[in-house]
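Next come the chains, spelled out residue by residue.
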Amino acid sequence: MASTGQVIRCKAAVAWEAGKPLVMEEVDVAPPQAMEVRVKILFTSLCHTDVYFWEAKGQTPLFPRIFGHEAGGIVESVGEGVTELEPGDHVLPVFTGECKECRHCKSEESNMCDLLRINTDRGVMLNDGKSRFSIRGQPIYHFVGTSTFSEYTVVHVGCLAKINPAAPLDKVCVLSCGISTGLGATLNVAKPKKGSTVAIFGLGAVGLAAAEGARISGASRIIGVDLNANRFDEAKKFGVTEFVNPKDHDKPVHEVIAEMTNGGVDRSVECTGSVSAMISAFECVHDGWGVAVLVGVPNKDDAFKTHPMNILNEKTLKGTFFGNYKPRSDLPSVVEKYMNKELELEKFITHEVPFAEINKAFEYMLSGAGLRCIIKMDA
């Protein structure tokens, strides 16, 4: 390609300050260095993680910055040493990676790569500690190694999943983060058997993806737990059969669920980050075989407390990161679940906006108006 090895000037939505609207700017995107890939982003979407770090809540601000990490695009050029990808390949950038060389990557039980595990504070590329973005010579920080709110971005090859070119990028782009996290928490970690009872704590996008996993698994009852009753009708589309609002009861929610299920559910998945919900999710599973999976990220000072007898009575507590999917090895098969009509993604997509109106996507998410907003880069 004519642009190979050259700086590309393109549009990017830049966050200059915490919590302020993104500004559309002309940015220079440097060519990829060793083990890096430059990607033309076609579709991206907004995730709660973007909003959290854009607001800089409890974090060290790192601005100016280009956010974005749920996206689909096409490889424009590759750096030295990249052999698995070539220009024209369809890819999903992922906030965490798979180097395929470390102990975690070689283990069948882990997806937590030593080299490319998520790092929200880095803001630069691993190769040389510098940014590939600049505006009139001023470096612009990266975000979790992806920065997809730019028409072109540079990503470490280990953070790119090569996918079926027939897959529609405006749909499968949502698999880069939250949807795969919730889906995998159920399919890969909780592993409910057909006919199981499953409780899902939190009915946002991640929780609904966990419910989708329970539906795919053939669960007979999927109990949704949320403090917002307005989410209940939407959750029915994802297979949720019953609902519990803790505010409607004068006893702990785990006791409510135990009464509903003759002693507890077979599996539970917690997707809120609330430590009280985590404890309830664990205590509501049946003794002897119940498994609870924690997905939500708690506050740094939170402490999980439960009576040891819950563990001695053979209740199992597990955690998960990105649904236990290895990005490069496993995401292509998740895309195929969509292509084979096992997995339904359209119902997660509630809004679409052109790139120039990206701030509307933030408004939708902050108001709780939808699940995922697709941002079309060339619109």
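Per an unreviewed UniProt entry, the protein chain is named alcohol dehydrogenase, and its organism is Salix udensis. Within the UniProt record for the protein chain, the comment given under Cofactor (unreviewed entry) is "Zn(2+)". Listed in UniProt under the heading Sequence similarities (unreviewed entry), the comment for the protein chain reads: "Belongs to the zinc-containing alcohol dehydrogenase family."

### Overview of the sheet that holds strand E7 (residues 138-140)
Strand-to-strand pairing in sheets goes through backbone hydrogen bonds, with the strands running parallel or antiparallel. The strand order across the open sheet formed by four strands is E1-E2-E6-E7, and the pairing between neighbours is antiparallel. The sheet is open, and its two edges are formed by strand E1 (8-14) and E7, each paired on a single side. Between one strand and the next, the sheet's axes are offset by a mean angle of 45°, whatever the strand orientation. One ladder, built from seven bridges, connects E1 with strand E2 (residues 23-29); its direction is antiparallel. Residue pairing for E2: Val-14 is matched across the bridge by Val-23.

### A short note on the packing of helix H1 (residues 48-55) against helix H11 (residues 358-367)
Orientation of H1 relative to H11, taken along the N-to-C sense of each, is 95°, at an axis distance of 11 Å. Between H1 and H11, the interaxial angle falls into the category roughly perpendicular. For the pair H1 and H11, contact is made by His-48, Val-51, Trp-54 and Glu-55 and by Phe-362, Met-365 and Leu-366, respectively. A breakdown of the residues in the contact of H1 with H11 according to their chemical character gives five nonpolar, one polar and one charged.

### Notes on the packing of aromatic side chains
Within this structure, the stated rule accounts for 12 aromatic pairs. Taken together, a centroid distance of 5.7 Å and an interplanar angle of 55° make the contact between Phe-53 and Phe-143 tilted. With Phe-53 in helix H1 and Phe-143 in the loop between E7 and strand E8 (152-156), the pair connects residues that are 90 residues apart, well separated along the chain. Residue classification places Phe-53 among the buried residues on the basis of a relative accessible area of 13%.

### Thoughts on H1
A turn of α-helix holds 3.6 residues, and therefore any two residues three or four places apart point the same way. Considered for burial, the residues of H1 that qualify are Asp-50, Val-51, Phe-53 and Trp-54. Within two residues after H1, Ala-56 carries a phi angle of roughly 60°, on the positive side.

### A few points about the sheet that holds strand E10 (residues 197-201)
Here we have six strands laid out as an open sheet, ordered E12-E11-E10-E13-E14-E15, and parallel in their pairing. Here the strands that pair on one side only, and so sit at the sheet edges, are strand E12 (242-244) and strand E15 (316-319). Direction aside, the axes of adjacent strands within the sheet are offset by 20° on average. Across the sheet, helix H8 (residues 275-283) touches E10, strand E13 (267-270), strand E14 (291-294) and E15, and the angle it forms with E13 is around 170°.

### Here's the deal with unusual backbone geometry
Cis geometry is adopted by the peptide bond preceding Pro-64, which originates at Phe-63 and carries an omega value of -5°. One can find Pro-64 in the loop between H1 and strand E4 (70-78). Phi is positive for Phe-322, which is not a glycine, with a value near 50°. Here Phe-322 is to be found in the loop between E15 and helix H10 (327-339).

### With respect to the UniProt feature "domain: Alcohol dehydrogenase-like C-terminal" (unreviewed entry) in the protein chain
Per the UniProt annotation, the sites labelled "domain: Alcohol dehydrogenase-like C-terminal" (unreviewed entry) are residues 205-336. In residues 205-336, the share of helix is 37% and the share of strand is 15%. The end C-alpha atoms are 20 Å apart.

### Considering empty space enclosed by the protein
A full pass over the atoms with the stated rule returns two cavities of 30 Å³ or more. Size it by volume and the largest cavity reaches roughly 180 Å³. Considered class by class, the residues forming the lining of the largest cavity number nine nonpolar, five polar and two charged. The calculated volume of the second largest cavity comes to roughly 50 Å³. Leu-46, Thr-350, His-351, Ala-361, Tyr-364, Met-365, Gly-370, Leu-371, Arg-372 and Cys-373 are the residues that line the second largest cavity. Broken down by secondary-structure element, the contributors of at least two residues to the lining of the second largest cavity are strand E16 (349-354), H11 and strand E17 (372-376). Per-element tally for the lining of the second largest cavity: the top contributor is H11, with three residues. Taken together, the residues that form the lining of the second largest cavity break down as six nonpolar, three polar and one charged.

### Side note on the pattern of salt bridges
It is possible for side chains bearing opposite charge to pair when their charged atoms get close. Applying the stated rule across the entire model yields 22 salt bridges. Here Glu-212 and Lys-347 are joined by a salt bridge, their closest N and O atoms 2.8 Å apart. Of this pair, Glu-212 sits in helix H5 (residues 205-217) while Lys-347 is found in the loop between H10 and E16, placing the two residues 135 residues apart along the sequence. Of the two residues, Glu-212 and Lys-347, neither departs from the other in class, the shared state being buried. Its salt-bridge partner being Lys-237, residue Glu-234 comes within 3.5 Å of it at the nearest N-O pair. Residue Glu-234 is classed as partly exposed on the basis of its relative accessible area of 25%.

### Observations concerning the side chain of Ser-176
Secondary-structure assignment places Ser-176 in the loop between helix H3 (169-172) and helix H4 (178-190). Exposure remark for Ser-176: the relative accessible area of 0% places this residue in the buried category. A polar contact of 3.3 Å, which involves the side chain of Ser-176, links it to the backbone oxygen of Ala-71. Separated by 2.9 Å, the side chain of Ser-176 and the backbone oxygen of Pro-93 make a polar contact.

Quick notes on the rules
Residues numbered from 1 in each chain as written. Predicted model: local features only at pLDDT ≥ 70, side-chain atom pairs only at ≥ 80, totals over all residues. Heavy atoms only, no water. UniProt positions renumbered as here; feature names shortened; annotations may be inferred. Pairing = 2+ DSSP bridges. Helix = DSSP H or I, 4+ residues; strand = E, 2+ residues; numbered from the N terminus. Axes fitted to C-alpha atoms, helices over the stretch in contact; angles between N-to-C directions. Parallel < 35°, antiparallel > 145°, perpendicular 65-115°, else oblique. Contact = heavy atoms within 4.5 Å. Nonpolar A, V, L, I, M, F, W, Y, C, P; charged D, E, K, R; others polar. Phe/Tyr/Trp six-rings, centres within 6.5 Å; stacked < 30°, edge-to-face > 60°. Buried < 20%, exposed > 50% of the residue type's maximum accessible area, 1.4 Å probe, protein only. 1 Å grid on protein atoms, 1.4 Å probe; cavity = no way out; pocket = protein on both sides within 12 Å on 5 of 7 lines; lining within 4 Å. Points joined across faces, edges and corners; volume = space filled by probe spheres on them. Salt bridge = Lys/Arg side-chain N within 4 Å of Asp/Glu carboxyl O. Polar contact = N/O pair within 3.5 Å; in protein donor to acceptor, adjacent residues only side chain to side chain.

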